[in-house]
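# Descriptive structure summary
Each chain is listed here by its residues.
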Amino acid sequence: MSIHVQIPTALRRHTAGVATVACTASNLQQLLSALDEQFPELKSHIRDDKGQLRRFLNIYVNEEDIRFLGGNDYVFSDGDEVLLVPSIAGGSARL
Amino acid sequence: MPTHDALYQLRCRECGRLWVNQPRSYCEECFSPLEVIYDYDAIRPARANGAGPGILRERIAQRPANMWRYAELLPLPAGFEPRLPVGFTPLFRAPRLAERLAAGNDAQAAAQNLYIKNDAVCMPTLSFKDRVVAVALAQAQAFGFDTVACSSTGNLANAVAAQAARLGLKARIFIPADLEPAKILGTQVFGATVVRIGGNYDQVNRLCSQIAEERRWGFVNVNLRPYYAEGSKTVGFEIAEQLGWRLPDNVVVPMAGGSLITKIKKAFDELIKLGLVAEKPVKFFGAQATGCSPISTAVKTGSAEIEPQKPATIARSLAIGNPADGLYAIRAIKQSGGWSEDVSDPEVVDAIRLLAENEGIFTETAGGVTVGTAAKLYRQDRILPEETTVLCITGNGLKTTDVLAGVYEVEQPIAPKLAEFESYLQQTLEKDNAATERHAAAAV
């Protein structure tokens, strides 16, 4: 699935200023792996010591919180728009 | 007024990294929220020459009765001069309410020990949000913003719009489209731009965090959030001072984003640290509406994590399904030995009426949530009548009159004649007597 990921300003220094990244991934874990591969410096910022998505980074798919879509089980559709949004909207439960 | 921007800075609540003062709410390393920390050694009065905490208490007592009297413990820019006497709302006993909440032999003890902290009369827009906005806008000006903004469930909208008007700042207010009409009007009247969003608060909030990345605006609850949240501490400072510089046994606090309860705890901890009050355990009790209860659900199920919810409640000022400080609220409640409860919408309305009919306080739905929750906590013996207990009433009922629509009959007018009035009175008495008999029969 080809999806588009919006990178928050705070992380763009690790993506050479790129704001929108095109990725191929079927689910969230594949998406994170794709980001790791494209931008190795991002990894330590979006994953914790255990490799999990950081607690205070929220993921939205087409404006909906991914936790309402099934979290890790959500299967991306072609053209999905993914947002990474820092903690202001709340600390997330583990996905 | 002592202001001291060299004496505080920002720190990541999770990884501990320090950040210089700036409009920023999260750590760039780990995305966790930032909070303001202080150099307490510099704030603490010197003990030399017999000086000590008493000196600071005296200094505070000599200042005007508003939230700025606690300036040492607020993140205020150097040279800040307050323009509005925000805060220092009344704290008073609520004996008639106490008798209803703690029925039976214990009612008399409860009547002596139950207090209301009434932010329904906070300056200038009748909610505790006036406090947080006052601090946030002080920083907004220091950071050079000419436009301030917020995502809001209503009370914050009112507070930002009013204080921005007074300071000559432009205000952009983002609200869920279904907000109570009084809260929308109470924002527009100050000349603010109101942007209605077809979504719930959590969606509005997410949009605002995106806008904050694109525009140089001071979003009080996004990029100014660490400073804004500190304003809530003044509720805790006032409770302690108004109780005669002592801490209560219990505090019942309504929870939306969960920040207020954590900041009242921080206020009490700071007062202990500075020696302004004696150390003692305080239990924190969180109140939510059942239709939006992510924090109370976590507490009641023993979870350390927040599961976000889609809000469905008349308590729209508490309708945050993904609470920004939920995690920290859970910790504050659990560590204190407190608890959290939630109440249904009909219970919220009943509690609004209970408070109004017994104490003459007209609170908005959030206050109904607090009173309804307190009733449950007394019934569960989690709050005991002999314990000093403070209920935080955070907003004014005049803003949410829609929830009482249909509750009261519209009386037919009578002619301006004494005989008409006597007849009316007779009918009213008969109606009242019948109601009393019905209640008595139901009680039996």
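Because the structure is a prediction, the values reported are computed rather than measured.

### Concerning the overall build of chain B
The number of helices and strands found in chain B is 16 helices and 13 strands. Each principal axis of the C-alpha distribution contributes one length, and for chain B these read about 70 × 50 × 45 Å. In chain B, which comprises 444 residues, the proportion classed as buried is 53%. For chain B, the proportion of contacts with a sequence separation of at least 24, taken over those separated by at least 6, is 70%.

### Some details on the nonpolar core
Residue and element names in this part refer to chain B. In this structure, Ala136, Val148, Val160, Ile173, Val253 and Leu318 are the most contacted members of the largest nonpolar core, which totals 153 residues. Sort the elements by how many residues they give to this core and helix α5 (residues 129-142) lands first, with nine residues. Taken domain by domain, this core gets at least three of its residues from each of domain 1 (91-125 + 232-404) and domain 2 (129-230). Sequence-distant contacts of Ala136, defined by excluding residues within four places in its chain, comprise Val220, Leu224, Tyr227, Tyr228 and Gly231.

### Considering the pairing of strand β1 (residues 2-6) of chain A
Residue and element names in this part refer to chain A. Residues Ile3 and Val5 of β1 are buried on one face, while the alternating residues Ser2, His4 and Gln6, pointing to the opposite face, are not. Of the pairings in the sheet, the one linking β1 to strand β2 (residues 20-24) comprises five bridges and is antiparallel in character. If you follow Ser2 over to β2, its bridge partner there is Thr24. Direction of pairing for β1 relative to strand β5 (residues 81-85): parallel, over a ladder of three bridges.

### With respect to the sheet that holds β2(A)
Strands pair in a sheet through their backbones, by hydrogen bonds, and they do so in one of two ways: parallel or antiparallel. Residues and elements named next belong to chain A. Here we have five strands laid out as an open sheet, ordered β2-β1-β5-β3-β4, and mixed in their pairing. The open sheet has two edge strands with one neighbour each: β2 and β4 (64-65). Summarising the sheet, strand β3 (residues 58-61) and β5 pair through four bridges and their orientation is antiparallel. Bridging from a neighbouring strand, Ile59 pairs with Leu84 of β5. Helix-sheet contacts for helix α1 (residues 28-38) involve β1, β2, β3 and β5, and the interaxial angle to β2 is about 120 degrees.

### Here's the deal with the environment of Leu91(B)
Residues and elements named next belong to chain B. Relative to the elements of secondary structure, Leu91 occurs in strand β4 (residues 91-93). Placed 152 residues apart in sequence, Leu91 and Leu243 show a C-alpha to C-alpha distance of 8.2 Å. The residues touching Leu91, leaving out its near neighbours within four places in the chain, are Tyr115, Lys117, Glu238, Ile239 and Gln242.

### Focus: the packing of helix α14 (residues 345-359) of chain B against helix α15 (residues 365-379) of chain B
Residue and element names in this part refer to chain B. As a packed pair, α14 and α15 sit with axes 7 Å apart at the nearest point and diverge in direction by 90 degrees. One element, α14, and the other, α15, form an angle in the roughly perpendicular class. Where α14 approaches α15, its residues Glu347, Val348, Val349, Asp350, Ala351, Ile352, Leu354 and Leu355 are matched on the opposing element by Thr365, Gly367, Gly368, Val369, Val371, Gly372 and Ala375. Within the contact of α14 with α15, the residues separate by chemical class into nine nonpolar, four polar and two charged.

### A few points about the pairing of strand β12 (residues 339-343) of chain B
Residues and elements named next belong to chain B. Among the five residues of β12, five are classified as buried, and the element is accordingly described as predominantly covered. Side chains Trp339, Glu341 and Val343 project from β12 onto one buried face, and the interleaved Ser340 and Asp342 project onto a second face that is buried too. Relative to β12, strand β11 (residues 283-289) runs parallel, the two sharing five bridges. Within β12, the position partnered with Ala289 by the bridge is Val343.

### So, the packing of helix α11 (residues 259-273) of chain B against helix α13 (residues 326-336) of chain B
Residue and element names in this part refer to chain B. Close contact between α11 and α13 brings their axes to 8 Å; oriented N to C, the two are set at 50 degrees. Here α11 is positioned oblique relative to α13, judged by the angle of their axes. Remark: the crossing between α11 and α13 carries left-handed chirality. Taken together, the residues of α13 that come into contact with α11 (itself represented by Ile261, Thr262 and Lys265) are Tyr328, Ala329 and Ala332. Split into classes, the residues belonging to the contact of α11 with α13 amount to four nonpolar, one polar and one charged.

### Here's the deal with the interface of chain B and chain A
Taken together, the contact pairs 25 residues of chain B with 20 residues of chain A. Elements with a contribution of two residues or more to the side of chain B that touches chain A: α8 (201-214) and α13 of chain B. Looking at side-chain class alone, the side of chain B that touches chain A contains ten nonpolar, seven polar and eight charged residues.

What counts and what doesn't
Residues numbered from 1 in each chain as written. Chains lettered and ligands numbered in written order. Predicted model: local features only at pLDDT ≥ 70, side-chain atom pairs only at ≥ 80, totals over all residues. Helix = DSSP H or I, 4+ residues; strand = E, 2+ residues; numbered from the N terminus. Buried ≥ 20, exposed ≤ 12 C-beta atoms within 10 Å, placed from the backbone. Contact = placed C-beta atoms within 7 Å. Core = buried A, V, L, I, M, F, W, Y, C linked by C-beta atoms within 7 Å. Domains from an automatic or database assignment. Pairing = 2+ DSSP bridges. Axes fitted to C-alpha atoms, helices over the stretch in contact; angles between N-to-C directions. Parallel < 35°, antiparallel > 145°, perpendicular 65-115°, else oblique. Nonpolar A, V, L, I, M, F, W, Y, C, P; charged D, E, K, R; others polar. Left-handed = near helix turned anticlockwise from the far one by under 90°.

Take it as geometry only, folks, not as evidence of what the structure does.
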